[in-house]
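# Coordinate analysis (summary)
What follows is each chain in one-letter form.
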Amino acid sequence: MQPVEQGLADAVGGGPQARALGHLQAGPAPASADDADAACGRLRTGRGGPAGRARVHRGAPGAGATIRLLSAIRPVRVGAAPAAAAGGTHPTPASMFNFGKKKPPVPPDPAPKAAPAPARGGFSPEDLARAFDAHQEEKAAREAARAEARAAYAEPVAKSALARGFASLFTRNAKLDENLLDEIETALITADVGVAATTRIVDDLRTRMEAREFPDVAALVRALRGELLALLAPVAKPLRIDEEARPFVVLTIGVNGVGKTTTIGKLAHRFQREGRSLMLAAGDTFRAAAVEQLRVWGERNDVPVVAQGQDADPASVAFDALQSAKSRGTEILIADTAGRLHTQAGLMSELGKIRRVLGKIDPRAPHEVLMVIDGTTGQNALNQLRQFNQAAKVTGLVVTKLDGTAKGGVLFALAREFAIPIRFVGLGERIEDLREFDPEAFVDALLPESIGA
Ligand SMILES: Nc1nc2c(ncn2[C@@H]2O[C@H](COP(=O)(O)OP(=O)(O)OP(=O)(O)O)[C@@H](O)[C@H]2O)c(=O)[nH]1
């Protein structure tokens, strides 16, 4: 084991160093990973005092090996024992009552202590430099992933009505006045952001404008970006596969033609790339082409597909598929269902039946009820989600076709009204165009930072 790793293992696993320092308090957490980066910078350059002064949070996202390393060495600073503990000057309760009493003879100074031997697993400057470099690499990888997501969202989303509305609003010498707020309101409403979310955004901007918080239009644009992000951030919760569930069952639902079957293909591709074993259930027994679509996809990609043909009972297809996936130890089962209108009560209750039937085999299945929504639908998407949620308890959303004629605003309305996680967005028809939902990349594409500058 490398010295750095040994030190980390000691610190985390209670090795000699950790045990020796176990009584020490951890420093306060940094506000962000950037704080942690700054702490690492100080460590490297020697600015900001001793290494131990770096304030680092063990769990800071992405802070990685360096952060753990710094956590491990933090006690170097506090290792200088507090005065009281060393028999220092703080009056103890006993000494307060000893006034006037004969003092005991002062013992001679003990021999000066030898400098403590470096702890086993201590860190040399080379170790620290290596950890710093590892941290820098991690940071660079994070930034590259961000840039990649931004690029993927930029072009499709910039075509949306909302992005175009913002672009025309802020590139023609806008003035900071009530008129500008009216125009922002119109742009939001016409892009399907919805009345509730629009009112919240515009009212907040008005209050801040009246408080003279914005020196110029660029400041207002930054505030608007912040408002848009604040609406979306709570629903940006990626789909996490519960490794205990075998299989983890994803039931996909939605109205006709929204992109369910296509999304299943894209999802399956994603899971396959992660090296997971998969099975598909061709539960869209209403449309013969859908069963065929899945079968062909499965054959081409070496993924087993359970199907019973057209007009079979979709609950029975799902049941068979779950049994088969369970017996094979498959990691993920994705079940398709036929598209249905949220107003068709009989078909909506069929979704409840599929849920119940799956639950007979595994009481926690389906683990994810993924509703696919066509991003071009507009405000009607809210009615759809309301009804599907009632029938099948939706746990995640995929909003497709954001590359097409979507106005771009419906995500805000959905987020505000339901707070159901948006797992993915469809940014095109290619297999790699299903992207994990990234609110920052989405807002960047709608309203680039540069726009009001
Ligand atoms: N541009 C674009 N098209 C998409 C996207 N997702 C799906 N589509 C297209 O939408 C159309 C319908 O997709 P399907 O997957 O068949 O839809 P479905 O929901 O399974 O349809 P039903 O089985 O009839 O309910 C296809 O032409 C897809 O290529 C997307 O993100 N962007």
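Residues numbered from 1 in each chain as written. Predicted model: local features only at pLDDT ≥ 70, side-chain atom pairs only at ≥ 80, totals over all residues. Heavy atoms only, no water.

## Some words on the overall build of the protein chain
- Across its full length, the protein chain carries 18 helices and 8 strands.
- Taking all 453 residues of the protein chain together, the buried fraction comes to 45%.
- Counting contacts in the protein chain only where the partners sit at least 6 residues apart, residues at least 24 apart contribute 77% of the total.
- Summed over all atoms, the accessible surface of the protein chain reaches about 22900 Å², with 54% contributed by carbon and sulfur. (Helix = DSSP H or I, 4+ residues; strand = E, 2+ residues; numbered from the N terminus. Buried < 20%, exposed > 50% of the residue type's maximum accessible area, 1.4 Å probe, protein only. Contact = heavy atoms within 4.5 Å. Areas by Shrake-Rupley, 256 points an atom, 1.4 Å probe, with all protein chains shown as cover.)

## Some points on the UniProt feature "domain: SRP54-type proteins GTP-binding" (unreviewed entry) in the protein chain
- With numbering matched to this structure, UniProt assigns "domain: SRP54-type proteins GTP-binding" (unreviewed entry) to residues 421-434.
- The span residues 421-434 is 0% helical and 43% strand by assignment, and the distance between its end C-alpha atoms comes to 16 Å. (UniProt positions renumbered as here; feature names shortened; annotations may be inferred.)

## Considering the site of the ligand
- What surrounds the ligand is a group of 18 residues, the closest being K260, T261, T262, D403 and E429.
- Here an oxygen atom of the ligand and a side-chain polar atom of T261 are 2.7 Å apart.
- Note that an oxygen atom of the ligand is positioned 2.8 Å from one of the side-chain N or O atoms of D284.
- Its free accessible area being 660 Å², the ligand has 80% of it covered by the protein chains.
- Under a 2 Å grid-point criterion requiring more than half of the atoms, the pocket assigned to the ligand is the second largest pocket.
- Looking at the shell around the ligand residue by residue, the classes come out as 2 nonpolar, 9 polar and 7 charged. (Near = heavy atom within 4 Å. Polar contact = N/O pair within 3.5 Å; in protein donor to acceptor, adjacent residues only side chain to side chain. 1 Å grid on protein atoms, 1.4 Å probe; cavity = no way out; pocket = protein on both sides within 12 Å on 5 of 7 lines; lining within 4 Å. Sits in = over half its atoms within 2 Å of the grid points. Nonpolar A, V, L, I, M, F, W, Y, C, P; charged D, E, K, R; others polar.)

## Quick notes on the environment of A187
- Looking at the secondary structure, you find A187 in helix α9 (residues 178-190).
- Under the relative-accessibility criterion, A187 is labelled buried at 13%.
- Expressed as a C-alpha distance, the spacing of A187 and S168, which sit 19 residues apart in the sequence, is 10.0 Å.
- With residues near it in sequence (within four places) discarded, A187 still touches L162 and L169.

## Brief notes about the nonpolar core
- Ranked by size, the top nonpolar core spans 111 residues in total, and within it F170, I334, L411, L414 and F442 carry the most contacts.
- Viewed by domain, this core spans two of them, domain 2 (159-235) and domain 3 (248-437), each represented by three or more residues. (Core = buried A, V, L, I, M, F, W, Y, C linked by side-chain atoms within 4.5 Å. Domains from an automatic or database assignment.)

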